[in-house]
Amino acid sequence: MKVRGATIVVALLLCGVVATAQAPPALEFDQSRSVYNRRVHPPEPAEKVDWEARVTALLKEQPGDVVVTAVGDMIFNQQISRLQQPERAQLLRILQEADVAYGNLEFSLNSHPELQRPFYNFRADPEFAWEVAAIGINLVSMANNHALDFGPDGLRDCLKALDRAQITHAGAGLTLAAARAAGSTGVQSQKTTFALLSAMRYWTAKYRCSDPSGPCLATINPAEILVARDGKVETVEGLIEA
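Below is a short write-up of the structure. Remember, it's a predicted structure, so these values are computed and weren't measured experimentally.

## Quick notes on the sheet that holds strand S6 (residues 168-170)
Then, in step 1: If you walk across this open sheet you meet the 4 strands as S1-S2-S5-S6, and the pairing is parallel. Two strands lie at the open edges of the sheet, namely strand S1 (68-74) and S6, each paired on one side alone. Each strand axis lies, on average, 20 degrees off the axis of its neighbour in the sheet, ignoring direction.
Then, in step 2: In terms of strand pairing, strand S2 (residues 100-105) meets strand S5 (residues 139-141) through 3 bridges, oriented parallel. Across the sheet, Gly 103 pairs through a bridge with Val 140, a residue of S5.
Then, in step 3: Relative to S6, helix H6 (residues 151-164) is tilted by about 145 degrees, and along the sheet it contacts S2, S5 and S6.

## Details of the pairing of strand S9 (residues 193-196)
Then, in step 1: The pairing of strand S8 (residues 183-186) with S9 spans 4 bridges and is classified as antiparallel. By the bridge assignment, Gly 183 is partnered in S9 with Leu 196.
Then, in step 2: Once S8 ends, the chain turns through 6 residues before running back antiparallel as S9, passing Ser 189 with a positive phi of about 70 degrees.

## Focus: unusual backbone geometry
Then, in step 1: We note that Gln 166 has phi near 60 degrees; this positive angle belongs to a residue other than glycine.
Then, in step 2: Examined against the element boundaries, Gln 166 turns out to sit in the loop between H6 and S6.
Then, in step 3: Since its relative accessible area comes to 71%, Gln 166 is described here as exposed.
Then, in step 4: Positive phi outside glycine occurs at Asp 230, with the angle close to 50 degrees.
Then, in step 5: On the secondary structure map, Asp 230 appears in the loop between strand S12 (219-229) and strand S13 (232-240).
Then, in step 6: With relative accessibility at 83%, the residue Asp 230 sits in the exposed group.

Analysis parameters
- Residues numbered from 1 in each chain as written.
- Predicted model: local features only at pLDDT ≥ 70, side-chain atom pairs only at ≥ 80, totals over all residues.
- Heavy atoms only, no water.
- Pairing = 2+ DSSP bridges.
- Helix = DSSP H or I, 4+ residues; strand = E, 2+ residues; numbered from the N terminus.
- Axes fitted to C-alpha atoms, helices over the stretch in contact; angles between N-to-C directions.
- Contact = heavy atoms within 4.5 Å.
- Buried < 20%, exposed > 50% of the residue type's maximum accessible area, 1.4 Å probe, protein only.

Listed below in structure tokens is the structure:
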């Protein structure tokens, strides 16, 4: 079959039959917002903002004030604490100068890349906990769907790394009781203690703690309950005993 195919190709060339590629038809719909154009075209110039003055005003405190800053999911494995761009450096100030800076730790700090379970490789070495602390974070929740990406051993390493960096955590622990306990932190010159409870809604059995004496996550069971409000009955999610 290979020889016959080659013979047919040669015959076509000898007969002067030449296939010419045709240009694709022009696109008629609006391409101004296409991914290609947005990547190739130069970005618009940044607005001239005095970020230092703006953030300084935001962080201005009165005696007795406590500044609490919160961010969402944290997934990074490169140093960002020394970014030089004004808008980025000043953004980090909001975390670094806060009394309590919270984030949801969505990556693991461990030395076991071979333990990776799912497709996503959200991991950094345990020493990276100091970078998390360097950006100002001192309180994290860990009851999330990536805390066990590297199994119980990876979670154990992560908890120990956070403890060494003095980053308070909640939602995961070396035991189930520790995972369910609140993570508490104090604020300089304040008598009040701030605490964090963290729990995740489990939707598969893999997040449930199979050994209460080992590394675990804090999970809750949602259930539908009926609530009467203003003469009407509503169906809402509630908690039931684990």
